[in-house]
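# Observations on the model geometry
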Amino acid sequence: MSTTADLVTVLKKELKAAQMTYADLAKELGMAESSVKRMLAKGDMPLSRIDAICRALKMDFAELAQRVADAQPLLKELTAEQERAVVADKKLLLVTTCVLSQWTAEQISATYRLSEPEVVLSLAQLDRIGIIELKAGNRYRLKLAKTFRWRPHGPMMQFFREHAALDFFSGGFDGHAEGLLLVHGSISRALAPSFLERMQRVAQDFQQQHQADQKLKDADRKGYTLLLAMRDWEFAAFAPMRR
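Please read all numbers here as calculations on a predicted model, not as lab measurements. (Residues numbered from 1 in each chain as written. Predicted model: local features only at pLDDT ≥ 70, side-chain atom pairs only at ≥ 80, totals over all residues. Heavy atoms only, no water.)

## A closer look at the nonpolar core
Grouped burial of nonpolar side chains is what soluble globular proteins tend to show. Here is the rule: Side-chain atoms within 4.5 Å link the members of a nonpolar core, which is a set of buried Ala, Val, Leu, Ile, Met, Phe, Trp, Tyr and Cys residues. Classification of residues uses two cut-offs on accessible area relative to the type maximum, computed with a 1.4 Å probe and protein chains only: under 20% is buried, over 50% is exposed, and between them is partly exposed. Only DSSP runs of H or I covering at least 4 residues are called helices, and only runs of E covering at least 2 are called strands; the numbering of each starts at the N terminus. Any two residues whose heavy atoms approach within 4.5 Å are treated as being in contact.
In terms of nonpolar packing, the biggest core is built from 23 residues, with Val95, Val99, Leu123, Leu126, Ile131 and Ile132 touching the most fellow members. Secondary structure elements with two or more residues in this core: helix 6 (80-87), helix 7 (90-100), helix 8 (105-111), helix 9 (116-129) and strand 2 (140-142). Per element, the largest residue contribution to this core is five residues, and it comes from helix 7. Not counting residues within four places of it along the chain, the set of residues in contact with Ile131 comprises Leu78, Val86, Thr96, Leu126, Arg141, Leu142, Lys143 and Leu144. Counting residues in each nonpolar core, the second largest holds 22 residues, with Val36, Ile53, Cys54 and Val68 among its members.

Below, the structure written as structure tokens:
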């Protein structure tokens with residue numbers, strides 16, 4: 001949730017963008033410049049004063065609220081409690097997956113056996129959890145950073161290992177734009193992290209392309225799942241044969 005400090009920070013940015021000094025604002029508000037400085041420093045002002053500042057900036061409160069929301073830091077990772085809430089409800093998990101692909105509420109309801117009220121309820125839950133900001137008309141804004149990832153040992157990855165990994169890897173990976181690569185080798189300990197960085201860049205490229213292609217028609221897009229992994233690992237069946 002946005003704090004008063006967030007509100008004041010955005011107001012200061014808007015004043016700077018409008019090239020309006022504290023003296024200019026004080027004149028618009030009929031206040032002393034020192035009082036304006038003190039008010040913005042403390043962040044202590046009634047709603048009527050915020051409305052007056054918005055009028056001086058030629059913007060309405062709804063625009064200001066949106067700027068504050070947009071300025072909130074995006075999540076790179078959820079808490080374990082947030083992840084548990086998602087995997088505890090199969091419908092919520094489905095809607096979460098769709099939301100990560102930025103489907104509309106209408107697309108979700110048209111594709112899956114979920115009524116519009118069920119989809120809206122799930123979106124409201126995701127808003128409370130903190131994954132999205134639900135807006136009017138069942139639109140939403142993702143609150144996840146481009147570098148977002150599920151917790152390595154969290155509820156979501158545990159769910160994937162127990163319920164989805166075998167299903168995912170049972171595919172032939174021989175369709176259009178599909179592939180499965182298995183490479184093993186011993187490399188420099190110093191260089192190993194650089195390969196992980198490259199994998200992270202590939203994941204970010206995939207996410208950025210996903211964002212960019214949202215403007216395309218549905219017929220021109222197709223859902224893909226990209227899974228990248230690298231670890232210090234030996235097949236468990238080999239362990240008993242070690243000397």
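## Examining the packing of helix 2 (residues 22-29) against helix 4 (residues 47-56)
Worth spelling out the cut-off: For helices, the fitted line uses only the C-alpha atoms of the stretch in contact; every axis is such a line through C-alpha atoms, and the angle between N-to-C directions lies from 0 to 180 degrees. Should an angle lie under 35 degrees it is considered roughly parallel, over 145 roughly antiparallel, and from 65 to 115 roughly perpendicular; all remaining angles are considered oblique. Helix crossings fall into two classes, left-handed where the near helix is turned counterclockwise from the far one by less than a right angle and right-handed where it is turned clockwise. Note on residue classes: Ala, Val, Leu, Ile, Met, Phe, Trp, Tyr, Cys and Pro are nonpolar, Asp, Glu, Lys and Arg are charged, and everything else, Gly too, is polar.
One way to put it is that helix 2 packs onto helix 4 with a least axis distance of 10 Å and a crossing angle of 115°. Comparing their axes, helix 4 and helix 2 come out roughly perpendicular. Between helix 2 and helix 4 the crossing geometry is right-handed. Here Leu25, Glu28 and Leu29 of helix 2 lie close against helix 4, whose contacting residues are Arg49, Ala52, Ile53 and Ala56. Partitioning the contact of helix 2 with helix 4 into residue classes produces five nonpolar, no polar and two charged.

## Some remarks on helix 4
Each α-helix turn comprises 3.6 residues. Residues three or four places apart therefore point the same way. Burial in helix 4 covers these residues: Ile50, Ala52, Ile53, Cys54 and Ala56. Those residues of helix 4 that are buried lie in contact with helix 1 (4-17), helix 2, helix 3 (33-42) and helix 5 (61-70). Trailing helix 4 by a residue or two, Lys58 shows a phi angle of about 60°, which is positive.

## Overview of a nonpolar patch on the surface
Rules: A residue counts toward a patch only above 30% relative accessible area and without a salt bridge, and it is joined to like-charged neighbours within 9 Å or, for Val, Leu, Ile, Met, Phe, Trp and Tyr, to nonpolar neighbours within 5 Å. Here, Shrake-Rupley sampling with a 1.4 Å probe gives the accessible areas, and only protein chains in the shown set may cover a residue. Note on definitions: salt bridges are taken to be side-chain nitrogens of Lys or Arg within 4 Å of carboxyl oxygens of Asp or Glu.
Judged by side-chain polarity, Ile187, Leu191, Phe195, Leu196 and Met230 come together as a nonpolar surface patch covering roughly 440 Å² of accessible area. The topology assignment puts Ile187 in the loop between helix 10 (155-169) and helix 11 (192-212).

## Some words on the pattern of salt bridges
For the coordinates displayed, the defined rule picks out seven salt bridges. Residue Arg151 is joined to Glu77 by a salt bridge in which the shortest nitrogen-to-oxygen separation is 3.2 Å. Here Arg151 is found in the loop between strand 2 and helix 10, whereas its partner Glu77 is found in the loop between helix 5 and helix 6, with 74 residues between them in sequence. Residue classification places Arg151 among the partly exposed residues on the basis of a relative accessible area of 28%. Using a relative accessible area of 33% as the deciding quantity, one classes Glu77 as partly exposed. The residue Glu118 makes a salt bridge to Lys91 at a minimum N-O spacing of 2.5 Å. One end of the pair, Glu118, is in helix 9; the other, Lys91, is in helix 7, with 27 residues separating them in the sequence. For Lys91, a relative accessible area of 40% translates into the label partly exposed.

Read these as spatial facts, not as claims about activity.
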